[in-house]
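Descriptive structure summary
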Amino acid sequence: MLSLVDDIRKLAEMECSDLQSPTTHAQLLTMVNKLRLAIETPTETILRLIYQPPQNAALRTVVDLDIFKLVLEASSTKGGKGISATELAARTGAEKTLVVRLMRVMTALGLCTSLEPEVYLANDKTATMTKPIGRDGVSCIYDLTLPTLTQLPEYLREHGYADPKEYSRSPMQWVVGESQFEWLAQRKDHQTLFNSYMSSRREGKPNWFDIYPVERLTECANPHPEAVFLIDIGGNHGHDLQKLTHCRPDLPGRLILQDLPKVIALAPQLDGVEGMGYSFLDPQPVKGARAYFFRSIFHDWPDRICHKILTNTMSAMDPSYSRIIIMDHVLPDVDTPLLQAAMDIQMMSIGAGVERSELQWRSLLRSAGLKITGIWSGNPGMESVIEAVPMAESEDTF
Ligand SMILES: C[S@@+](CC[C@H](N)C(=O)[O-])C[C@H]1O[C@@H](n2cnc3c(N)ncnc32)[C@H](O)[C@@H]1O
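Residues numbered from 1 in each chain as written. Predicted model: local features only at pLDDT ≥ 70, side-chain atom pairs only at ≥ 80, totals over all residues. Heavy atoms only, no water.

One open sheet holds the seven strands; their spatial order is β6-β5-β4-β7-β8-β12-β11, and the pairing between them is mixed. At either end of the open sheet lies a strand with only one pairing partner, and these are β6 (274-277) and β11 (370-377). Going from strand to strand, the sheet's axes swing by 20° on average, the running direction of each strand aside. Taken together, the seven bridges between β11 and strand β12 (residues 384-390) define a ladder with antiparallel strand orientation. What sits directly across from Lys371, in β12, is Val389. Each of β8 (323-328), β11 and β12 is contacted by helix α19 (residues 358-367), which is oriented at about 150° to β11, the strand it contacts most. (Pairing = 2+ DSSP bridges. Helix = DSSP H or I, 4+ residues; strand = E, 2+ residues; numbered from the N terminus. Axes fitted to C-alpha atoms, helices over the stretch in contact; angles between N-to-C directions. Contact = heavy atoms within 4.5 Å.)

With phi around 55°, Tyr161 is a residue other than glycine that occupies positive phi space. The residue Tyr161 is located in the loop between α9 (132-158) and α10 (171-176) in this model. Notably, Ala352 is not glycine yet its phi reads approximately 60°, a positive angle. Inspection of the secondary structure puts Ala352 in the loop between α18 (338-351) and β10 (356-357). Relative accessible area serves as the criterion here: at 0%, Ala352 is assigned to the buried category. (Buried < 20%, exposed > 50% of the residue type's maximum accessible area, 1.4 Å probe, protein only.)

The subject of this paragraph is the site of the ligand. For the ligand, the set of nearby residues contains 20 residues, the closest of which are Arg202, Gly234, His239, Asp259 and Arg295. Asp259 has a polar side-chain atom sitting 2.7 Å from an oxygen atom of the ligand. Note that a nitrogen atom of the ligand is positioned 3.1 Å from one of the side-chain N or O atoms of Ser279. Considering the ligand on its own, with 590 Å² of exposed area, one finds that the protein chains cover 97% of that surface. Of the residues that constitute the shell around the ligand, the class distribution is 10 nonpolar, six polar and four charged. Mapping the shell around the ligand onto the domain boundaries places at least three of its residues in each of domain 3 (132-198) and domain 4 (208-395). (Near = heavy atom within 4 Å. Polar contact = N/O pair within 3.5 Å; in protein donor to acceptor, adjacent residues only side chain to side chain. Areas by Shrake-Rupley, 256 points an atom, 1.4 Å probe, with all protein chains shown as cover. Nonpolar A, V, L, I, M, F, W, Y, C, P; charged D, E, K, R; others polar. Domains from an automatic or database assignment.)

Mapped onto this numbering, the UniProt entry annotates "active site" (unreviewed entry) at His299. Mapped onto the elements, His299 comes out in the loop between β7 (291-295) and α17 (303-314). Here His299 falls in the buried class, since its relative accessible area comes to 6%. If near-sequence neighbours (up to four positions away) are discounted, His299 is found in contact with Asp328, Met343, Met347, Gly353, Val354, Glu355 and Arg356. (UniProt positions renumbered as here; feature names shortened; annotations may be inferred.)

So, on to the packing of helix α6 (residues 85-92) against helix α7 (residues 96-108). Viewed as axis vectors pointing N to C, α6 and α7 meet at an angle of 115°, and their least axial separation amounts to 8 Å. When the axis of α6 is compared with that of α7, the two are roughly perpendicular. Note that α6 runs across α7; the crossing there is right-handed. Contacts between α6 and α7 involve Ala85, Thr86, Leu88 and Ala89 from the first element and Lys96, Val99, Val100 and Met103 from the second. When its residues are assigned to classes, the contact of α6 with α7 shows six nonpolar, one polar and one charged. (Parallel < 35°, antiparallel > 145°, perpendicular 65-115°, else oblique. Left-handed = near helix turned anticlockwise from the far one by under 90°.)

Further remarks concern empty space enclosed by the protein. Enumeration over the complete set of coordinates arrives at one cavity of 30 Å³ or more. If you add up the space inside the largest cavity, you get close to 30 Å³. Every residue lining the largest cavity is listed: Val63, Asp66, Phe68, Lys69, Met129, Thr130 and Arg135. In the lining of the largest cavity, the residues fall into three nonpolar, one polar and three charged. (1 Å grid on protein atoms, 1.4 Å probe; cavity = no way out; pocket = protein on both sides within 12 Å on 5 of 7 lines; lining within 4 Å. Points joined across faces, edges and corners; volume = space filled by probe spheres on them.)

Across the sheet, which stays open at both edges, the three strands sit in the order β1-β3-β2 with antiparallel pairing between neighbours. Since the sheet does not close on itself, it has two edges, and those belong to β1 (83-84) and β2 (113-116), each with one partner. Here β2 runs beside strand β3 (residues 119-121); their pairing, made up of two bridges, is antiparallel. When the sheet's bridge partners are listed, Glu116 is paired in β3 with Val119.

So, on to the packing of helix α4 (residues 52-64) against α7. Any two packed helices are characterised by how steeply their axes cross, that is the angle between the axes, and by the distance between the axes. Where α4 contacts α7, the axes come no closer than 9 Å and their chain directions differ by 110°. Our classification of the angle between α4 and α7 gives roughly perpendicular. In this structure, α4 crosses over α7, and the sense of that crossing is left-handed. Touching Gln55, Ala58, Leu59, Thr61 and Val62 of α4 are Leu102, Met103, Val105 and Met106, all from α7. Its residues assigned to classes, the contact of α4 with α7 comprises seven nonpolar, two polar and no charged.

Further remarks concern the domain arrangement of the protein. Under the domain assignment, the protein is made up of domain 1 (2-50), domain 2 (65-129), domain 3 (132-198) and domain 4 (208-395). Each of domain 1 and domain 3 was reduced to a C-alpha centroid, and the two centroids are 32 Å apart.

Structure, rendered in structure tokens:
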């Protein structure tokens, strides 16, 4: 344990200095986690895990009551004195004893601070909880996934512990009668929360074009202004295209944003971007683009549907010119970060989706007649960028 503490001290020194990097940051978090496990008794570890669900339920309720906003306002407007449980009760209409019980969990989670009994002060996490990633993310993901996750063990038992492979028979279909995108489409408020959460998760770096050398696409791109340079398929409200046009105003040709018609209808009009309602379950209507870009799309779907999305795209590709660019997790074979491993179970639950390893990506793309021409990885634990092109007939090993 002491050698772990030593390693943590060295990494912490780097984290606080100019030597800080995404890699040292990720290593530091991994080490801290190892240290915690080394300190905890096995029973303490198990109890920590068993009592995670009530933490999420308490958090969802606090978000519902908009308490983080009240704590933040009081901390910045009252000379840093914070807000009492009595005041929170008066402002939210919740019973004071309930507020105290919920806020015990929030302070223990580190989402705000309490220096005196029943008084709450904001910290940097409180501020983030009032932004879309916290406020909209917690509400949307809780409501979308929790009913299914509570019944996932029963679903798997009933289905003989087979790995879910059919979107139409996903755990969420079994539990609530719809998978994620139909569920969202029926609930305008949740669709809005989802869109806002997706955009907020994409704020900051790295962008896909920081990881992937875009010159690979620009070098031989058709310079004609009518030629399509890139289509962001399932691009939601176009947050990635917006950043691309901002950071790379020099790109040749047209940029197109595609998503389900209901999503495009709610999307803002972006400068230099054409919106188009389209389902990737149908053949791609835009022929011969330089790049067909998919971010966080394939992890939502099982192999059979991913295969269909790929062949629908390939039907429009110019085999010697077009490329498919995929940004998604590529799971390492060992020591998969907990976030990615947990997201895999989440994707499995809400649509029989999968977070894939490099081997699984190669096999999926090869089955559709594509070969991977490169994989670029960004920060540890973040998504990678995969470039693929149609295989020549002689390369087809099937
Ligand atoms: C996980 S989000 C990813 C959004 C965006 N690419 C990103 O990474 O921020 C999946 C997106 O796929 C869209 N989508 C779902 N089914 C679709 C379909 N059949 N055709 C086109 N888009 C679809 C959703 O509306 C949503 O915007």
